[in-house]
Amino acid sequence: MSTQLKRRLRIPIHYLGLPFREYFFFLFHSFKQVRQPSVGFEALWQGQFPGRQKIPVSLGRHALWYFLEASGLEPGDEVLVAAYNYYVIVRLIVQKRLVPVFVDVEEKTLCLDKSDLARKITSKSRLVVVTHIYGHPADMTAIHSICQERKILLFEDCAHGIGTTHRDRCVGSFGDGALFSFGINKLVSALGGGMLVVQPTYTNLTGIEEKRWNSLSAIVSVMSRALVAYQMKPGVYGWTNELALNVAVYLERWGFDWFRNLLTPMKDNSRYRFSVYHGPGYRNFMTNMLKPQIERLGDQINRRREILKNIEDRLESIVGVELVERDTHGRSNASYFVIRVARPETMARKFLQLGIGCHPHEFLDCSQLRQFSDFSNYCPVAFEADKHVLRLPIYAEMKDEAIAALCSAVAEHIDE
Ligand SMILES: *Cc1c(COP(=O)(O)O)cnc(C)c1O
């Protein structure tokens, strides 16, 4: 076991599994000026979100922004949102001059807790934003009926949840609106881009982004994303990742932080402000890139679930490792793998030295962030999750050797 650990392991945290041709054929098309981004987009989703509009957008977060604009909320209205979350979601709510009300998450799934939700609803509540975090389905039946009863809008953050189901129905089809992300860290990726799924009663949203095709910066951005995504390939990762990180840190010292942000995108950045003009814009080549990935998504998810089961069977008996439930409210897409440990940072430091990608504070208890201190609200489960959750590698091409090495590393370093 320990000889295996002496060698650098080179296990990326995530790998898109795209064959070379799927990058380069489509990237070639990114040079072309395309005026009609929605060609063929609708057809990608055959029957998945019945009766909803599916609108391509620059980034997943744009979908929430447009939904907030279209849903007629007034400054001061309350938006209930899971405390354990991606801070950008809360930033958008605050930037729209709405009031985020932090709701705690479930111990088991880390998704929005329905009892805490019911407790925090007031006469000013207008919207609930549910995140299917780590691809775990939230309890949509219960949450949906609370919203119906209290006449509150419901929005689903499905950035992690493509292919996740609740009662055999895809998440994203329960709320008034939903966002999906096709960023490089997501399960299905177009190197950027996202989607707004929304009820047909929301008009004037089709083609909302068609006016803004700025070529050069869009191409540079897409190319650098392609580079970052490609270097996550197992076998390439070992040396490129270190090189890339060094370059990124060097550039950051000279004031260029875009590359660093690409490599570690989820860090809390209190200076971040959303702009509708940010992001390379959705382009037609992205639809071409998504198509084969969506066709193989079912197989991809089955394979990932098998691998996760295998890993969890091995980790189950290790004292000090707590597994997180995924399927409490449906079937997870296994897009992420997280465990709870006492000291995730210590473990992460060791793992990065060994060559195992991992992330200790990828998502945060936003109710405790300085930038949202006006809205702070103690949520005990989110507070604990922030301190103890560690994200570990999972991808469909993970070899038995890598699985065994990962599990040995967890066993070996759990007590440090
Ligand atoms: C990635 C992500 C988003 C937004 O995706 P972008 O495409 O980067 O805007 C939203 N919510 C969660 C939880 C995410 O992880």
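Keep in mind that this is a model prediction, so the values were computed, not measured. Residue positions are counted from 1 within each chain, in the order its sequence is given. Totals for whole chains, interfaces and linings use all residues, but because this is a predicted model, local features are given only for residues with pLDDT of at least 70 and pairs of side-chain atoms are given and counted only at 80 or more. Side-chain descriptors were evaluated using all non-hydrogen atoms of the structure, hydrogens and water having been removed beforehand.

**Student:** Looking at this model, I keep getting lost on the packing of helix 2 (residues 20-29) against helix 10 (residues 284-295). Mind explaining?
**Tutor:** The relative placement of two packed helices comes down to the angle between their axes together with the axis-to-axis distance. Only the contacting stretch of a helix is used when fitting its axis, a line to C-alpha atoms as for every element, and angles between N-to-C directions run 0 to 180 degrees. Helix and strand definitions here come from DSSP, where helices need a minimum of 4 consecutive H or I residues and strands a minimum of 2 consecutive E residues; each element is numbered from the N-terminal end. Put simply, helix 2 and helix 10 touch, their axes get as near as 8 Å, and they point 160 degrees apart. Here helix 2 lies roughly antiparallel to helix 10, going by the angle between them. Regarding helix 2 and helix 10, the two cross each other, and that crossing is right-handed. Note on element contacts: helix 10 touches helix 2 through Phe285, Asn288, Met289, Pro292 and Gln293, opposite Glu22, Tyr23, Phe26, Leu27 and His29. These descriptions rest on fixed angle ranges, namely under 35 degrees for roughly parallel, over 145 for roughly antiparallel, 65 to 115 for roughly perpendicular, and the rest for oblique. Here is the rule for handedness: rotate from the far helix to the near one, and if that takes an anticlockwise turn smaller than a right angle the crossing is left-handed, while a clockwise turn gives right-handed. For this analysis, residues touch if any pair of their heavy atoms sits within 4.5 Å.

**Student:** Help me out: how do you make sense of the site of the ligand in this one?
**Tutor:** Taken together, 12 residues form the shell around the ligand, and within it Arg61, Asp157, His160, Ser181 and Lys186 come nearest. Measuring from a nitrogen atom of the ligand, one finds a side-chain N or O atom of Asp157 at 2.7 Å. The separation between an oxygen atom of the ligand and a polar side-chain atom of His160 is 2.6 Å. When the ligand is considered free in solution it has 380 Å² of accessible area, and contact with the protein chains removes 96% of it. Residues are labelled near a given molecule or strand when at least one of their non-hydrogen atoms is within 4 Å of it. For this analysis, a polar contact is any N or O atom pair within 3.5 Å, provided that within protein one partner can donate a hydrogen and the other can accept it, and provided that sequence-adjacent residues contribute only side-chain to side-chain pairs. Here the Shrake-Rupley method, with its probe set to 1.4 Å, supplies the accessible areas, and only the displayed protein chains count as covering residues.

**Student:** Help me out: how do you make sense of the domain arrangement of the chain in this one?
**Tutor:** Much of the literature gives interface size as the accessible area that the parts lose upon coming together. Where a domain begins and ends is set by an automatic assignment or by a domain database. One can read the domain layout of the chain as domain 1 (1-14 + 36-207 + 291-416) and domain 2 (213-290). In this structure, domain 1 and domain 2 have C-alpha centres spaced 20 Å apart. If you look at the interface, domain 1 gives 50 residues, while domain 2 gives 34 residues. Accessible area, probed at 1.4 Å, shrinks when two parts are joined; the buried area is that loss added up over both. Among the residues of domain 1 in contact with domain 2, Tyr87, Ile184 and Leu191 are the three that bury the most area, contributing 18% of the side total. Note on definitions: salt bridges are taken to be side-chain nitrogens of Lys or Arg within 4 Å of carboxyl oxygens of Asp or Glu. Across the domain 1-domain 2 interface, the total number found is zero salt bridges. Across the contact surface, domain 1 and domain 2 share seven residue pairs in polar contact (both at pLDDT 80 or more). Contributing elements (two or more residues each) for the side of domain 1 that touches domain 2: strand 1 (53-57), helix 3 (60-70), helix 4 (87-95) and helix 10. When residues in the side of domain 1 that touches domain 2 are grouped by element, the largest group, five residues, is from helix 4. For this classification, the nonpolar set comprises Ala, Val, Leu, Ile, Met, Phe, Trp, Tyr, Cys and Pro, the charged set comprises Asp, Glu, Lys and Arg, and every other residue, Gly included, is treated as polar. Here the side of domain 1 that touches domain 2 is composed, by residue class, of 27 nonpolar, 16 polar and seven charged.

**Student:** What is the right way to look at a nonpolar patch on the surface in this model?
**Tutor:** Like charges within 9 Å and nonpolar side chains (Val, Leu, Ile, Met, Phe, Trp, Tyr) within 5 Å are joined into patches, using only residues over 30% in relative accessible area that form no salt bridge. Together, Tyr250, Trp254, Phe256 and Trp258 line one region of the surface with nonpolar side chains, adding up to about 530 Å² of accessible area. With respect to the element layout, Trp254 can be found in the loop between helix 8 (237-253) and helix 9 (258-263).

**Student:** What exactly am I supposed to notice about the packing of aromatic side chains here?
**Tutor:** How two aromatic rings sit relative to each other is set out by the distance from centre to centre and by the angle between their planes. In this analysis, rings of Phe, Tyr and Trp, with Trp reduced to its six-membered ring, are considered paired at centre separations within 6.5 Å, and the interplanar angle assigns stacked below 30 degrees, edge-to-face beyond 60, and tilted for intermediate values. Under the defined criterion, the tally for this structure stands at 20 aromatic pairs. With 5.7 Å between their ring centres and 75 degrees between their planes, Tyr134 and Phe363 make a pair best called edge-to-face. Taken together, the residues Tyr134 in the loop between strand 5 (125-131) and helix 6 (140-150) and Phe363 in the loop between helix 12 (344-354) and strand 13 (364-365) connect sequence positions 229 residues apart. What makes Tyr134 buried here is its relative accessible area of 1%. Taken together, the ring pairs in this structure connect Tyr84, Tyr86, Tyr87, Tyr134, Tyr272, Tyr336 and Phe363 into an aromatic cluster. One residue, Lys96, lies across the ring of Trp65, its end atom 4.2 Å from the ring centre. Looking at Arg169, its charged tip hangs above the ring of Phe174, at a distance of 4.2 Å from the centre. Burial status follows relative accessibility: with a 1.4 Å probe on protein chains alone, a residue under 20% of its type maximum counts as buried, one over 50% as exposed, and anything between as partly exposed. Two conditions define a charge located above a ring, namely a distance within 6 Å from the ring centre to NZ of Lys or CZ of Arg, and an angle within 35 degrees of the ring normal.

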